Structures are given as structure tokens and as C-alpha cells.
Protein chains: 2
Amino acid sequence: MPRRKSLDHVVVPQAVMRRLPVYYRYLGALLARGTERVSSQELSRMIGITASQMRQDLSYFGSFGQQGYGYRVRDLHRAITEILGLHRTYQLVLVGVGNLGRALVSYPSFANRGFRFCGLFDNDPRLIGSEFCGLEIRPVDTLADFLHQCPVDIGVITAPPEVAQQIADVLVAGGVPAIWNFAPTSLKVPKGVIVEHTHISESLMVLSFRLNNPEEADTSVESASNQ
Amino acid sequence: MPRRKSLDHVVVPQAVMRRLPVYYRYLGALLARGTERVSSQELSRMIGITASQMRQDLSYFGSFGQQGYGYRVRDLHRAITEILGLHRTYQLVLVGVGNLGRALVSYPSFANRGFRFCGLFDNDPRLIGSEFCGLEIRPVDTLADFLHQCPVDIGVITAPPEVAQQIADVLVAGGVPAIWNFAPTSLKVPKGVIVEHTHISESLMVLSFRLNNPEEADTSVESASNQ
DNA sequence: GGTGGCTTGTGATCGGTTTAACAAGTCACA
DNA sequence: TGTGACTTGTTAAACCGATCACAAGCCACC
Ligand SMILES: NC(=O)c1ccc[n+]([C@@H]2O[C@H](COP(=O)([O-])OP(=O)(O)OC[C@H]3O[C@@H](n4cnc5c(N)ncnc54)[C@H](O)[C@@H]3O)[C@@H](O)[C@H]2O)c1
Ligand SMILES: NC(=O)c1ccc[n+]([C@@H]2O[C@H](COP(=O)([O-])OP(=O)(O)OC[C@H]3O[C@@H](n4cnc5c(N)ncnc54)[C@H](O)[C@@H]3O)[C@@H](O)[C@H]2O)c1
């Protein structure tokens, strides 16, 4: 029987946390394909990690498999869904309705997984007042007010880097507990506020580095860094 | 005098490589501000890492500072520019001219750093033949031919995940040495081909995990993972 | 019911990354 | 020119994450 650990006083290593979405993705694929059972051996080979690593990762959260049998795909998928918090919904605001912002807002998979955009903000008079994906684009000066009326879980910053910090400050002051930042700036926020930075440009620079520094080592390497 | 190591037989650790763009970004900011000199102490405090770590990282590539003085911002910036390969230009093709693809193609910073889009491909008849950012959108069936005529350094995949692997195969067959993938799929490529995956959705899932698992630890954590 | 083959979860080991410490060298200024 | 404060590059130690190895347990089949 799958048994979830309390996790209250267990510290989950960074590296483990970053792999959870990968497990989630592959389990989703197996589920869609109708596969019932999977062993750590099989799943880890698909992903390209060791079976040990996968089992050890899961062990931070509990026991989800059965010896001699493996994991029931449905159960493990549900368990990871809950671990990742993807069983509930989140209210998002997005600030900076430019090219990248529009791509995020119109991406259907987010809504499908419970990430709901409830407010779009910009400072461009040509955009303000118009509609995008069924949402009115509001003046960024009204963001603070909006946050007082409507509780928001995640603030998305897709505005230019020069204004990212001041937007973050407004979000924090408005009680937003987490920021998803796409601007190439490091945000300073009070302890307790979660910032997740998505490094698009950094990722391209790493690619350029790797092109110029032929590694003897293996080629399938993915994002990593911490600061 | 700044002295660059040969680096031919030195293996640069993953973790070090991922921090290079961060150094590059902060040095660029200092340069723009007109700062001439910086010590590992100052720079590392700005970034939020230890001075030891920064010096150790740089030591993989050579000696760029002066004892008792620190680093000349201009020199270190130039050194890292070259280490990252940002002093030369790259030819890129992008496959899947959707919302995300258009955001990338129209992002001016890439062109400014030498990343030049020279071909856009899609399979949507409504898009094919039209122009975007001065480039014609071509049928994806002509990609293989295009690659034979025009050497390409980086292939960008912003098409749906279902077709990502087959696009990657065409890119590889056409001799493209590096792939920048935005589709949520792990690509299988021959050894020697570089794949850099930018995990937008994964990043949001990590945010959701962190919202639901209050870490006692510090809050400023950035992307990491390897597979 | 017993046996063999598998597979999990976990303590032990290995390797890599981060931090600490210091000798050597530079600058500023008397 | 000499002295002191400062900072680098590097070697060593501590820490953390990945891999290994195995006892415990389950399933299937005889
Ligand atoms: N597009 C990319 O490929 C890409 C890649 C890497 C990083 N980024 C970063 O993502 C962010 C968005 O990029 P983009 O390409 O969508 O840029 P964009 O210029 O298309 O959009 C930026 C939007 O922010 C709005 N804005 C400007 N100042 C504002 C303010 N004070 N308050 C609210 N809104 C404001 C602008 O009106 C515009 O609509 C930027 O920080 C950029 O550096 C983008
Ligand atoms: N937009 C986002 O916020 C976001 C977030 C995470 C991941 N992604 C991923 O990035 C990719 C692009 O996302 P998007 O939002 O731009 O999607 P999109 O639907 O706007 O664009 C996809 C484009 O690919 C084209 N295409 C489809 N099949 C093709 C083929 N066989 N060959 C060439 N082109 C083809 C489509 O015509 C379309 O223009 C997808 O894989 C998506 O899962 C997007």
C-alpha cells in the first residue's frame, strides 16, 4: 500500500526536487499509454538515470512500490501529482504582456494543470484596456489594488529586467507568496517569498559554451545551477 | 596579466559551467555602470555565493585577477565572454513558429549577442510563405534541404512534443551540432550532439512544489537538475 | 504450501562540489 | 624604498548527492 511520509521535518534535496517533474512527465506518458505496472529499472532507463537514483529519490517521500512487482503507474502518478501540488489550483497574475507573456498565458497545458491566470498587467497604453485570452489587460498601477481584492498564489514577471525588481516589490507587498521570474535579473525578496527564475538566456549561453568546449563526457546534460 | 588555460584536457564541472552566465550577467552590469575593479568578495556577495566558490570556478579557466587588487571588470568580462563563446556568431534555425517561437525570434538580445536566426520552419499552411521578423516561414519538409545548403550551428525546437523527436532527427541528419529544445520531451540523439533543454513547465511545477512544501532552508534557489 | 525469480527500500560507499585556509603577490602610502 | 592591508590562486577538508549492494518481501507458478 502506498504510504506517504509526513515530510514535515525532512529536507528534500534540491536535486531530488528538480527531478520530480521529470518523473511526473514520464508517468503521465505511461498512464496515457495505458501501462499499468512499471519497475524502477524500466522507468529509469526511459529517463536516462539509474534505477537506484529513482528509488532513492522516491524514498524521501515514502514507499510507493511493491517488492517483486514494481510500481502501479496510476498510484505513483497520483502520488507525485500530490507531492508536486498539482492536484489543486493556483491563481496567477502576469505582469508584462509582451511576446513571452502572451506565450505563457495562451499555453493550454498550464490551465489544464490548475494554473489559472486571473489578471494581466502592463504599462503600455496601447495594450491597456484590450483583451487577451478572455482577460482584460490592466494598468500596472492597479496591480497593488488588485492584489488586495483577489488573492494570488503566483506572480509571473515577463516585463523588462529594469522594472522587474519594482514589480516584485509590489507583488510581495500584495502578499503574493511566489514569483515566477523570466527577466534576466536576480530579485531581492524577503525571506519566505519563493522565487523561481527561468533562465532562457542562460540556457542558450550554456549551449554556446558547450559548442565551444567539446566535452569528452556524455552529451545529454540538462539545466542546473544554484545561486 | 590575464592568462587563459588551454582547457583541452580539463573537464569543467557541470555546476561551474552553469554559473558562468551568472558571472557574465553581473559583470555586464558592472561594466555598464562604469565600475573598473571588483574583488571576488564584492562580486560573490552581489551574486549570493561564496567568494571561494567564484575563485575556484574561475581557476578552471585560468588566472584573471591580481592579488591585492582584484579583477579588472573589463578584462574578466571579456574573458568570460570568450569562455562562453559569445564573441562569435551562430546561425540558428527555429522549427515551430508558434507563440513561444515568435517570442524567441523577436527577442533582440539574442541577435545582439551573435545568435542569428537564418531559417524559420513550420507545417501550418496558414503560416508558410508569410514573413516574420524579416524571415520567410518555410515548410518543414524543406528543412533537410535547407540544412544542406546553409550550415547551421543551433536548431531550436518550439514545436509540439509529439513531433519534437522527428524534427531533432532531421536536424541531426542535417549536421546540426546542437539543439535547443523547448518541447517537454527528452530527445534521443547520437553521442556528440549537444541538447540543451529549457524546462519552462518543469520550472512551474517546482514552484508549485515549493509552495506546498515550506522549506526551512533559504528561499533563493534556482534551476537545477540533470538527467 | 513451497520455491525461484524479481523488485523494493535503505544503509554503506564512492565521487563530485563547496567551503575553508593559507602562501604568495600586489597596491597604496608613508 | 619599506610596510601593512588586501586579494588572488590553490591545496586540503567538509559536505552533499549518486551509485552500489543487499536484506526483506512479493508474485507466480509449481
Ligand atoms: N522573448 C524571449 O525570448 C526572452 C528570452 C529571455 C528572456 N526574456 C525576458 O523576458 C521578459 C519579457 O520578454 P519579451 O520578449 O516578452 O519582451 P516584450 O518587450 O515583448 O514584452 C515586455 C512587456 O512588458 C511591458 N512592460 C514594460 N515596462 C513595464 C512595467 N513597468 N510594468 C508592466 N509592464 C511593463 C511592455 O509594455 C511589454 O508589453 C524580458 O525581461 C526579457 O528580457 C525574454
Ligand atoms: N508557450 C508556453 O508557455 C510553453 C511552455 C512550456 C513549454 N512549451 C512548449 O513549447 C513548444 C511550443 O509552444 P507554443 O506555445 O509556441 O505552441 P504553439 O502551438 O503556439 O506553436 C507550435 C507551432 O509548431 C507548429 N508545428 C506543429 N507541428 C509541426 C511540425 N511537424 N513541424 C513544424 N512545425 C510544427 C505549429 O504549426 C505551431 O506554429 C511546445 O512543445 C510546448 O509544449 C510552451
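The shown structure was predicted, so the numbers you read here are calculated from the model rather than taken from an experiment. (Residues numbered from 1 in each chain as written. Chains lettered and ligands numbered in written order. Predicted model: local features only at pLDDT ≥ 70, side-chain atom pairs only at ≥ 80, totals over all residues. Heavy atoms only, no water.)

### Some words on the overall build of chain A
So, point 1. Counting its secondary structure elements, chain A contains 9 helices and 12 strands.
So, point 2. The C-alpha extent of chain A, read off along each of the three principal axes, is 65 × 45 × 35 Å.
So, point 3. Within chain A, buried positions represent 50% of all 227 residues.
So, point 4. Of the contacts formed within chain A by residues at least 6 apart in sequence, a portion of 58% connects residues at least 24 apart.
So, point 5. If you sum the accessible surface of chain A, you get close to 10600 Å²; carbon and sulfur atoms cover 50% of it.
So, point 6. Averaging the locations of the 22 positively and 21 negatively charged side chains of chain A gives two centres separated by 10 Å. (Helix = DSSP H or I, 4+ residues; strand = E, 2+ residues; numbered from the N terminus. Buried < 20%, exposed > 50% of the residue type's maximum accessible area, 1.4 Å probe, protein only. Contact = heavy atoms within 4.5 Å. Areas by Shrake-Rupley, 256 points an atom, 1.4 Å probe, with all protein chains shown as cover. Lys, Arg positive; Asp, Glu negative; His and termini not counted. Charge placed at Lys NZ, Arg CZ, Asp CG, Glu CD.)

### Concerning the pairing of strand 11 (residues 178–181) of chain A
The side chains of a regular strand alternate, residue by residue, between the two faces of the sheet.
Residues and elements named next belong to chain A.
So, point 1. Going residue by residue along strand 11, you find Ala178 and Trp180 tucked away on one face and Ile179 and Asn181 tucked away on the opposite face as well.
So, point 2. Where strand 10 (residues 154–157) and strand 11 come together, 4 bridges link them in parallel fashion. In the sheet register, isoleucine 157 faces strand 11, and the bridge partner there is asparagine 181.
So, point 3. Following the backbone out of strand 10, through helix 8 (residues 161–173) and into the adjacent parallel strand 11, one traces a crossover that is right-handed.
So, point 4. Here strand 11 runs beside strand 12 (residues 194–197); their pairing, made up of 4 bridges, is parallel. By the bridge assignment, isoleucine 179 is partnered in strand 12 with valine 195. (Pairing = 2+ DSSP bridges. Right-handed = clockwise from strand over helix to strand, strands pointing away.)

### As for the side chain of Ser201(B)
So, point 1. Locating Ser201(B) in the fold gives a position in helix 9 (residues 200–212).
So, point 2. Apart from the residues within four sequence positions on either side, Ser201(B) is in contact with Tyr107(A) and Phe110(A).

### A short note on helix 8 of chain A
Helical periodicity: at 3.6 residues per turn, an α-helix aligns residues three or four positions apart in one direction.
All names here are of chain A.
So, point 1. Spanning 13 residues, helix 8 covers 19 Å between terminal C-alpha atoms, matching the ideal 18 Å at 1.5 Å per step.
So, point 2. By the burial criterion, the buried members of helix 8 are Ala164, Ile167, Ala168 and Leu171. Across the axial projection of helix 8, the buried residues extend over an arc of 110°, all falling on one side. Those residues of helix 8 that are exposed and aimed more than 90 degrees away from the buried face are Glu162, Gln166 and Ala173.
So, point 3. Tucked into the core, helix 8 has its buried residues touching strand 6 (90–95), helix 7 (143–149), strand 10 and strand 11.
So, point 4. Just downstream of helix 8 lies glycine 175, where phi reads positive at about 85°. (Expected span 1.5 Å × (residues − 1). Arc of directions from axis to C-beta.)

### Regarding the protein's contact with DNA strand C
So, point 1. Near DNA strand C lie 28 residues; those nearest to it are Ser40(A), Tyr71(A), Arg19(B), Gln56(B) and Gln67(B).
So, point 2. Take the atoms of DNA strand C that sit within 4 Å of the protein: sugar and phosphate atoms are 60% of them.
So, point 3. Contacts to DNA strand C include Phe64(A), whose backbone N or O atom sits 3.1 Å from a phosphate oxygen.
So, point 4. Taking Tyr71(A), its side chain carries an N or O atom lying 2.8 Å from a phosphate oxygen of DNA strand C. (Near = heavy atom within 4 Å. Polar contact = N/O pair within 3.5 Å; in protein donor to acceptor, adjacent residues only side chain to side chain.)

### Considerations on the relation of the copies chain B and chain A
What connects the two chain copies is a rotation about an axis and a shift along it.
So, point 1. Screw-axis analysis of chain B against chain A gives a translation of 0.1 Å along the axis, an RMSD of 0.1 Å, and a rotation angle of 180°. Here the transformation between the copies is reduced to the relation of a two-fold axis.
So, point 2. Most of the interface of chain B is mirrored in chain A, where 100% of its interface residues again form contacts. (Least-squares fit on C-alpha atoms with pLDDT ≥ 70 in both.)

### Section: the site of ligand 1
So, point 1. Taken together, the neighbourhood of ligand 1 is formed by 25 residues, with Asn99(A), Leu100(A), Asp122(A), Ala159(A) and Tyr107(B) sitting nearest.
So, point 2. Chains contributing residues near ligand 1 are chains A and B.
So, point 3. Here an oxygen atom of ligand 1 and a backbone polar atom of Ala159(A) are 2.6 Å apart.
So, point 4. Within the complex, 85% of the 820 Å² of free accessible area of ligand 1 lies under protein.
So, point 5. Judged by its atoms lying within 2 Å of the grid points, ligand 1 is housed in the largest pocket.
So, point 6. Put simply, the parts of the chain that give the shell around ligand 1 at least two residues each are helix 5 (99–105), helix 8 and helix 9 (200–212) of chain A together with helix 5 (99–105) of chain B. (1 Å grid on protein atoms, 1.4 Å probe; cavity = no way out; pocket = protein on both sides within 12 Å on 5 of 7 lines; lining within 4 Å. Sits in = over half its atoms within 2 Å of the grid points.)

### Concerning the environment of Pro177(A)
So, point 1. If you trace the backbone, Pro177(A) turns up in the loop between helix 8 and strand 11.
So, point 2. On a C-alpha basis, the gap between Pro177(A) and Val195(A) in space is 8.8 Å, while along the polypeptide they are 18 residues apart.

### Some thoughts on the site of ligand 2
So, point 1. Taken together, 26 residues surround ligand 2, and among them Tyr107(A), Asn99(B), Leu100(B), Asp122(B) and Ala159(B) come closest.
So, point 2. Mapping the residues near ligand 2 onto chains gives chains A and B.
So, point 3. One of the backbone nitrogen or oxygen atoms of Leu100(B) is found 2.8 Å away from an oxygen atom of ligand 2.
So, point 4. Residue Asn123(B) places a side-chain N or O atom 3.4 Å away from a nitrogen atom belonging to ligand 2.
So, point 5. Contact with the protein chains hides 85% of the accessible area of ligand 2, taken as 830 Å² for the molecule alone.
So, point 6. Taken together, the elements giving at least two residues each to the shell around ligand 2 come down to helix 5 of chain A together with helix 5, helix 8 (161–173) and helix 9 of chain B.
So, point 7. Per-element accounting of the shell around ligand 2 gives the leading share, 3 residues, to helix 8 of chain B.

### Some points on the nonpolar core
So, point 1. Counting 102 residues, the largest nonpolar core has Ile154(A), Trp180(A), Ile154(B) and Trp180(B) as its most contacted members.
So, point 2. What Ile154(B) contacts, discounting residues up to four positions off in sequence, is Leu204(A), Leu207(A), Leu211(A), Tyr90(B), Gln91(B), Leu92(B), Val93(B), Phe115(B), Val176(B), Ala178(B) and Trp180(B). (Core = buried A, V, L, I, M, F, W, Y, C linked by side-chain atoms within 4.5 Å.)

### Focus: the protein's contact with DNA strand D
So, point 1. Within the structure, DNA strand D sits among 26 residues, and Ser52(A), Gln56(A), Gln67(A), Ser40(B) and Tyr71(B) are positioned closest to it.
So, point 2. By atom count, sugar and phosphate contribute 59% of the portion of DNA strand D lying within 4 Å of the protein.
So, point 3. The separation between a sugar or linking oxygen of DNA strand D and a polar side-chain atom of Gln53(A) is 3.3 Å.
So, point 4. Contact distances for DNA strand D include 3.3 Å between a base nitrogen and a backbone N or O atom of Gly68(A).

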